Structures are given as C-alpha cells and as structure tokens.
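In case you want the letters, here they are:
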Amino acid sequence: MNTRAAFRATNNLIVDGLLIKDLFGSGLAWLEQNREQVNRLNVFPVPDGDTGTNMYLTMQSACREVENVRENHVGKMSAALAAGAIKGARGNSGVILSQIWSGVAKALKDEERLTAELLGLACQSAVDMAYRAVEKPVEGTILTVSRHMMESVIERYKTSQDLVWLLKNMVFAGRASLRKTPEMLPILKKAGVVDSGGQGLVYIFEGMLWALCGKLTEANTVAAANAAIAIPTLATPLSPAWEDALEPDDEEGYGYDVQFLMRGENLSVDAMRVALADMGGWSTLVVGDEKLIKVHVHVHDPGQPISYAIRTGAAIDDVVVENMQRQYEDYVEARKARENEVRTDVEGVAVITVAAGEGLSQTFYDLGAAYVIPGGQTMNPSTGDFLDAINALPNDEVILLPNNKNIMLAAQQAAANATGKQVRVVPSISLPHGISAMVEWANYAGSPVDEVAGGMKSALGYVQACEVTRATRDVELDSINVKQGQYIGLLNDNLVVNGDDVYDVTQRLLEKAGADKSERITVYYGDDAHDADAQLLVGHLQKRFSLQDIDVISGGQALYPFIISVE
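Residue numbers here run from 1 along each chain, matching the order of that chain's written sequence. With the structure being a predicted model, the display of local features is reserved for residues of pLDDT at least 70 and the display and counting of side-chain atom pairs for 80 or more, all residues being used for whole-chain, interface and lining totals. Calculation of side-chain values draws on the structure's entire complement of heavy atoms; hydrogens and water are dropped beforehand.

K.L.:
Just checking my understanding: could you explain the overall build of the protein for this structure?
P.N.:
Runs of H or I in DSSP of at least four residues are treated as helices and runs of E of at least two as strands, each being numbered from the N terminus. Each helix and strand in the protein was counted, giving 22 helices and 16 strands. Summarising its shape, the C-alpha atoms of the protein cover approximately 80 × 55 × 50 Å along the three principal directions. Think of it in three bands: residues with accessible area under 20% of the maximum for their type are buried, residues over 50% are exposed, and the middle band is partly exposed, with areas taken using a 1.4 Å probe on protein chains only. Counting only residues that meet the buried cut, the protein has 56% of its 567 residues in that class. Sequence separation of 24 or more characterises 72% of the internal contacts of the protein that already satisfy a separation of 6 or more. Surface accessibility of the protein: about 24,100 Å² in total, with carbon and sulfur atoms responsible for 48%. Here the protein contributes 48 positively and 74 negatively charged side chains, and the mean placements of these two sets differ by 8 Å. Any two residues whose heavy atoms approach within 4.5 Å at even a single point are treated as in contact. Values of accessible area rely on a 1.4 Å probe in the Shrake-Rupley scheme; residue burial ignores everything except the protein chains shown. Under this rule, positive means Lys or Arg and negative means Asp or Glu; His and the chain ends count for nothing. Charged groups are reduced to one reference atom each: NZ for lysine, CZ for arginine, CG for aspartic acid, CD for glutamic acid.

K.L.:
In this structure, what is going on with the packing of aromatic side chains? I would like to understand it.
P.N.:
For any pair of aromatic rings, the description rests on two quantities: the centre-to-centre distance and the angle between the ring planes. Planes of paired rings set the category: under 30 degrees apart is stacked, over 60 is edge-to-face and the rest tilted, where pairs are Phe, Tyr or Trp rings (Trp by its six-membered ring) whose centres lie within 6.5 Å. Overall, the coordinates contain four aromatic pairs when judged by the stated rule. Consider the rings of W30 and W210, whose centres lie 4.6 Å apart with planes at 65°: the pair is edge-to-face. Here W30 is found in helix α2 (residues 17-39), whereas its partner W210 is found in helix α10 (residues 196-212), with 180 residues between them in sequence. Note on W30: relative accessible area 23%, which makes it partly exposed. Look at W210 and you get partly exposed, because its relative accessible area is 25%. Taken together through their ring pairs, the aromatic side chains of F24, W101 and F205 make up a single cluster. In this scheme, Lys NZ or Arg CZ marks a charge over a ring once it lies within 6 Å of the ring centre and within 35 degrees of the ring normal. If you follow R35 out to its NZ or CZ, it ends over the ring of Y56, 4.1 Å from the centre.

K.L.:
Teacher, can you tell me more about the pattern of salt bridges here?
P.N.:
We count a salt bridge whenever a side-chain nitrogen from Lys or Arg sits within 4 Å of a carboxyl oxygen from Asp or Glu. Counted under the stated rule, the structure contains 16 salt bridges. Note that R263 is salt-bridged to D317, the shortest N-O span being 2.8 Å. Here R263, found in strand β1 (residues 256-263), pairs with D317, found in strand β4 (residues 315-323); they are 54 residues apart in sequence, far enough to count as distant. What makes R263 partly exposed here is its relative accessible area of 38%. A salt bridge links D493 to K405; its shortest N-O distance comes to 3.8 Å. Remark: K405 occurs in helix α18 (residues 405-417) and D493 occurs in the loop between β12 (487-491) and β13 (494-499); sequence separation between them is 88 residues. Given the relative accessible area of 40%, K405 is considered partly exposed.

K.L.:
Looking at this model, I keep getting lost on the pairing of β1. Mind explaining?
P.N.:
Within a regular strand, the side chains alternate between the two sheet faces. Counting buried positions along β1 yields six of eight residues, so the element is predominantly enclosed. At least two bridges found by DSSP between two strands is the condition for calling them paired. One ladder, built from seven bridges, connects β1 with β4; its direction is antiparallel. In the sheet register, R263 faces β4, and the bridge partner there is A315.

K.L.:
Is there a simple way to explain the confidence of the model for the protein in this structure?
P.N.:
One rule of thumb: low pLDDT means the predicted coordinates there are not for detailed reading. pLDDT expresses how confident the predictor is about each individual residue, on a scale running from 0 to 100. Scored by pLDDT, the protein comes out at a mean of 87, with 90% of its residues at no less than 70. Mean pLDDT across the elements of the protein ranges from a minimum in helix α11 (residues 220-229), with 37, to a maximum in strand β7 (residues 397-401), with 98. Low pLDDT (under 50) marks residues 217-242, which in the prediction has 69 contacts with non-local residues, meaning those over four places away or in another chain.

K.L.:
Looking at this structure, how should I read the side chain of N404?
P.N.:
By the secondary structure assignment, N404 is in the loop between β7 and α18. Residue class for N404 comes out buried when judged on its relative accessible area of 9%.

K.L.:
How should I be thinking about the sheet that holds strand β8 (residues 422-425) in this particular structure?
P.N.:
Note on sheets: strands pair through backbone hydrogen bonds, and any given pair is parallel or antiparallel. Judged by pairing direction, the sheet is parallel, and its four strands sit side by side in the order β6-β5-β7-β8 without closing on themselves. With partners counted over all chains shown, the strands left at the sheet margins are β6 (371-374) and β8, one partner each. Between one strand and the next, the sheet's axes are offset by a mean angle of 20°, whatever the strand orientation. The pairing of strand β5 (residues 350-355) with β7 spans four bridges and is parallel. The residue of β7 that forms the bridge with V351 is I399. Running at roughly 170° to β5, helix α16 (residues 358-366) makes contact with β5 and β6 of the sheet. Every angle, taken between N-to-C directions, lies between 0 and 180 degrees, and every axis is a line fitted to C-alpha atoms, over only the stretch in contact when it is a helix.

K.L.:
I tried to follow the nonpolar core on my own but got confused; where do I start?
P.N.:
Grouped burial of nonpolar side chains is what soluble globular proteins tend to show. With 128 residues, the main nonpolar core has W101, F205, I352, F386, I399, L400 and M456 as its most contacted residues. The contact partners of I399, leaving out residues within four places of it in the chain, are V349, A350, V351, I352, R424, V426, V449, V452, A453 and M456. Ranked by size, the runner-up nonpolar core spans 24 residues in total, among them V468, V502, Y525 and I564. To qualify as a nonpolar core, a set must consist of buried Ala, Val, Leu, Ile, Met, Phe, Trp, Tyr and Cys residues joined through side-chain atoms within 4.5 Å.

K.L.:
Honestly, helix α4 (residues 74-88) in this entry has me stumped. Any pointers?
P.N.:
Relative to the 21 Å expected for 15 residues at 1.5 Å per residue, α4 spans 21 Å between its end C-alpha atoms, a close match to the ideal helical length. With 11 of 15 residues buried, α4 lies mostly within the body of the structure. Those residues of α4 not exposed but buried are V74, G75, M77, S78, A80, L81, A82, G84, A85, I86 and G88. Looking at the buried residues of α4, the elements they touch are α2, α3 (51-65), α5 (91-107), α17 (383-392) and α18. What a helix is expected to span follows from its residue count: subtract one and scale by 1.5 Å.

K.L.:
Could you clarify how one ought to interpret the packing of α16 against helix α19 (residues 431-441) in this entry?
P.N.:
Helices that pack against each other are described as a pair by the angle of their axes relative to one another and the distance between those axes. At their nearest, the axes of α16 and α19 sit 9 Å apart, and the two run at 20° to each other. Judged by the angle between their axes, α16 and α19 are roughly parallel. Judged by the sense of rotation from one axis to the other, the crossing of α16 with α19 is left-handed. In this structure, α16 contributes L360, T363 and F364 to the contact, and α19 contributes L431, G434, I435 and M438. Roughly parallel refers to an angle under 35 degrees, roughly antiparallel to one over 145, roughly perpendicular to one between 65 and 115, and oblique to any angle outside these ranges. In this scheme the crossing of two helices becomes right-handed for a clockwise turn of the near helix relative to the far one and left-handed for an anticlockwise turn of less than a right angle.

K.L.:
Help me understand the environment of V258, please; the structure alone is not making it clear to me.
P.N.:
Tracing the backbone shows V258 in strand β1. A relative accessible area of 0% places V258 in the buried class. For the pair formed by V258 and R273, sequence separation is 15 residues and the distance between their alpha carbons is 14 Å. In contact with V258, not counting residues within four places along its chain, are V295, H296, V297, V299, P302, P305, I306, V320 and V321.

K.L.:
Looking at this structure, how should I read the pairing of strand β14 (residues 520-525)?
P.N.:
Of all six residues making up β14, five are buried, and the element is well covered by its neighbours. Judged from the six bridges that link them, β14 and strand β15 (residues 549-554) form a sheet pairing that is parallel. Pairing of Y525 across the sheet is with S554, part of β15. Tracing the backbone out of β14, into helix α22 (residues 531-544) and back to the parallel element β15 gives a crossover that is right-handed. With five bridges joining them, β14 and strand β16 (residues 562-566) adopt antiparallel strand pairing. Across the sheet, V523 pairs through a bridge with I564, a residue of β16. A clockwise path from the first strand over the helix to the second, with the strands pointing away from the viewer, defines a right-handed crossover.

K.L.:
Help me out: how do you make sense of helix α21 (residues 502-512) in this one?
P.N.:
Given 3.6 residues to a turn, an α-helix orients residues that are three or four positions apart in the same direction. When α21 is considered as a whole, its buried residues turn out to be V502, V505, T506, Q507, L509 and L510. Sitting at the amino-terminal end of α21 is D501, which places a side-chain oxygen 3.0 Å from the backbone nitrogen of Y503. G514 sits one or two residues past α21 and shows a positive phi near 70°. Each polar contact in these results corresponds to two N or O atoms within 3.5 Å; when the atoms are within protein, one needs to be able to donate a hydrogen and the other to accept it, and residues that are neighboring in sequence are counted only if both atoms are side-chain atoms.

K.L.:
Could you clarify how one ought to interpret the packing of α5 against α18 in this entry?
P.N.:
Put simply, α5 and α18 touch, their axes get as near as 6 Å, and they point 35° apart. Mapping the contact onto sequence places G91, N92, V95, I96, S98 and Q99 in α5 and K405, N406, I407, M408, L409, A410 and Q413 in α18. Here the contact of α5 with α18 is built from residues that sort into six nonpolar, six polar and one charged. Basically, the charged four are Asp, Glu, Lys and Arg, the nonpolar ten are Ala, Val, Leu, Ile, Met, Phe, Trp, Tyr, Cys and Pro, and anything else, Gly included, counts as polar.

Shown next, in the form of structure tokens:
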C-alpha cells in the first residue's frame, strides 16, 4: 500500500515520513510553477535577489537532502528536510522558510507518525522559530502569513483530527492573511501588491494540499528532477572527493532537462509516461488531464519527447531544454577556479565576504579577505555557501561580511550553525560598508574575534554608500514617483533620487550623501560601463565636488553602473 493509500485508510488521520517527503516535493513543484509570479511581487524597484527564486532554491535544497531517503519515521524525515533547507537557505525569505521547517522538525523529533495534535505542536514551534530568526519582526510579511496559517491549525485541531481539513484551513487562512498584508505595510499598498514571501509560502502549502488530496500524485519527482540540474552545494569544498561524487553515473553524461506543455483533446497521461520510459527517460514528471499535460523529463535526446508529443496531435508550448552536462562541466570549472582563491595564509581572525564583480572581489582580497563568495543582489549566497567557506579555512575565528540586507539572515544562520569555530557577523549592508570594515580589520592584527568584530562594526559608520541602478518597475516610494527604466539612486539602501540622466542622478545622490563635506569619493564602475564612462562621470562630479579626492576603480559588478563610497 503506498503512503497516500495508507493515509486514506486511516480516514485522513495519520501521515508517515514518506508522505511528508511527497508533500514537500509537491510544494516545491507548485512553487516552481509560480516563482516568477512571486518574483514580480518584489516591491523595491531594484534588481535584487528575487523572493520566489530564493524560496524555490531553499525548498529545492530541502528536497535534494531526502532524494534517496526511504524513511517512514516522521521525525527523521522532518529533520533531514529541515537540514537541507538550512543549508540551501537564500535571502531573508529563504532563511525564514528554513526556520519554519526547523521548528516543525524540532516538534516532531521523536515522532514516528504525524497526527492532528502533533501538527498543532509543530505549527506553534514553527512560528516561534520563524519569529526568533528576525531581530525586529515586521508584520505584513511572510511572518504574519505563516503565523495566521499556523494559528488556524492550533485553533482547530481539537475540533477535527482530519489532516486534509486542517491543511485546507491553513491554505484558506494564508490566502486571507495575504490579502491583508497591504493594509499592514503601506509600501505594499502603494505598489498594489501583496507580500512576496507570504505568497510563496501559500503556494508551497497549496501544492502540499493538492498532493494530500491526490491531485499531484507524482509532483514529488520534480524535486529529484530539479536536484539533478541544480548547482550543487557541498560541504567540504576543498575535498578532492567532491569532483568524483559529481561524475555522472551514465557514460553518456547528465543529458538534457526537457519541459513542455501539451494541449489538445483526448490526451493520455499514461501513454505519455509509457512513451517516455521507452525512450529511456528518467526523473520523469507527467501530470494533467485529457486537455492539458505538463511534461518534465531527463533524456539524452531532447528531440524524442518533443517529437512524440507533436505526433500525438498535441500543440506544445512553454518548451524548455537545458543541457545538464554543460551545466555540470561549467560548475566543475567554476568551482575549481573558486577554490584556488581560498587563502589559507591569513593569521588570526579570517574574514569571509560577499562581492559580485572581479574588481570588487580583488579589492577585498587586496585588503586581506580570506575568501570572497561570489554573489550579491541577484545571486544571494545560501547558508550552506557560508558554511562551506567557513569549513574551508583553517582559522578558528571567522568574521562574515554579507554586504547586503537580503544576505544578512543567511550569514547569521551560518554563524549560528558553524561548529568548532567562533564566527561573528558584521552587519554590512552594502559593498562600500564592507570595504570600510575590511580597512579597519587591518588595525586589529592579533586581537580576539569579538574585539575585531566590534572595530569593524564601528567602521560601518565611517562611510556613506551610494548606488546607481535602473528601476525594474513603476512604483511610488517615499514620495518619489519612479518609472520603469529610470535611473535611481540609493543612499545606504534607501531610495532618494531618480531621473533619466545617469550623471545628474549620481550628482544629486552624492549631494544627499553630503559628499561636499567628505574627504574622498571612490567610484566603482560596473561591467556595463567602461573606464571612459567613469572618467566622464568624474569630470562631471569634479565641477560640483572640487575639494574632494575622487578615485575610480573597475568594480565589474552587474546591474549597477556605479557604486560609490563617500568617506
């Protein structure tokens, strides 16, 4: 008897570990289908780490952790899922999500099966863990939505022990809470959207509900399918065994990931499954009905499943073909290059920082950083990325510089989960702040980690961080009406100016930063700009800031033509 049939045999009263695994896979599958919609809900008009993608990668990591686990014990399965979520947690939304699953795992630690009463305890634990993850919880966010969802179970599980009924109430409560988030956060109301993290959470539980009702019976296979194409995050990054572990078992390599929709009349899900099996496909997902079928399969010849679908008379669209072998080879090459950059010669307190762009990364290395994790606005490193870097260093004392608000929680979670080392987080919210902290680090050679961290934290106040980018959406924020495509200026991560001319926007931004009273202005220009562009900017700025020293450095960062430090 399969786990879902066994669940139905208990009159929807008892869930085992394997069904928990299926539910997570279904939650991941439904979030995958809707993650771009979640991404579009991001309010701030800058190209940052998208909420939907961060939550998806966090759930993907959880599912990857149990891909080959056949464990009926609910507590053990929940613990493995939570561990995977923590390692893969990206962005603030991903970290909060990982803490929700950690709370569930904590409550179910010794339990073989899940009942309504245990679900109530797990919900309370999940809310407690999620709120504790944030230093200053803000209502109208994923925290509020999660609390309302969990409270719906806590308030009802004594009335009925039917787990389908309770999960339905969770989803209904989440949707209702989500609709109220614009009333709790004025910025959401101005933008005309609901909270993106809360929406992502609702999608996850919708997928779980449909699976529990048998509507997404094979959705869990999406977790395995996507795990195979994801960029791996492995512990022990400097171990030579990792490359052997990634070698494909098939002599033909990893093959291709193929996804598409079939539309038509009298379509057959069963026939499609059989055909894909005959083609030698693996990690197969085929769900749908007579009019619409979703296909997700790995094959060595991507033309076979597509041609077969067309021969059935179906119209196909939303076609995605990805070369997983190329992804694997690119990852191996990039990882080898990255490992060579780990410095093991730093004595005392080592600093791990985050930067995007060759020039900015080199700046941190020149200042003494032991390791620079590639990442930033659109590439939020995970908790596991930080832990990998921590474990790669011989140093017993380590400081983390996240250099981005949306990376802060992942860094803090890594510090809390590091074993055998003292790890501290200096809360840098931008690259200029991180650079200022690194300059101060050099003044504390031989000092204990807390003294070094204190000095670096003080240095965050020595600099004003100015960033220029283009708006990704129309929005009214802090009385500034921004149009998509306009240049916008951020002062210490707050939107303060906008306009159509990049030089004018930059000058007004620096005026807001009080640059005329500063000693030095350092311009880091991005990968879309050239030295000539930067020199033109400097020529423009020198007319207004004639008493200040202005330096120009090629930062190489994406999306931000200019990042400027005012000291």
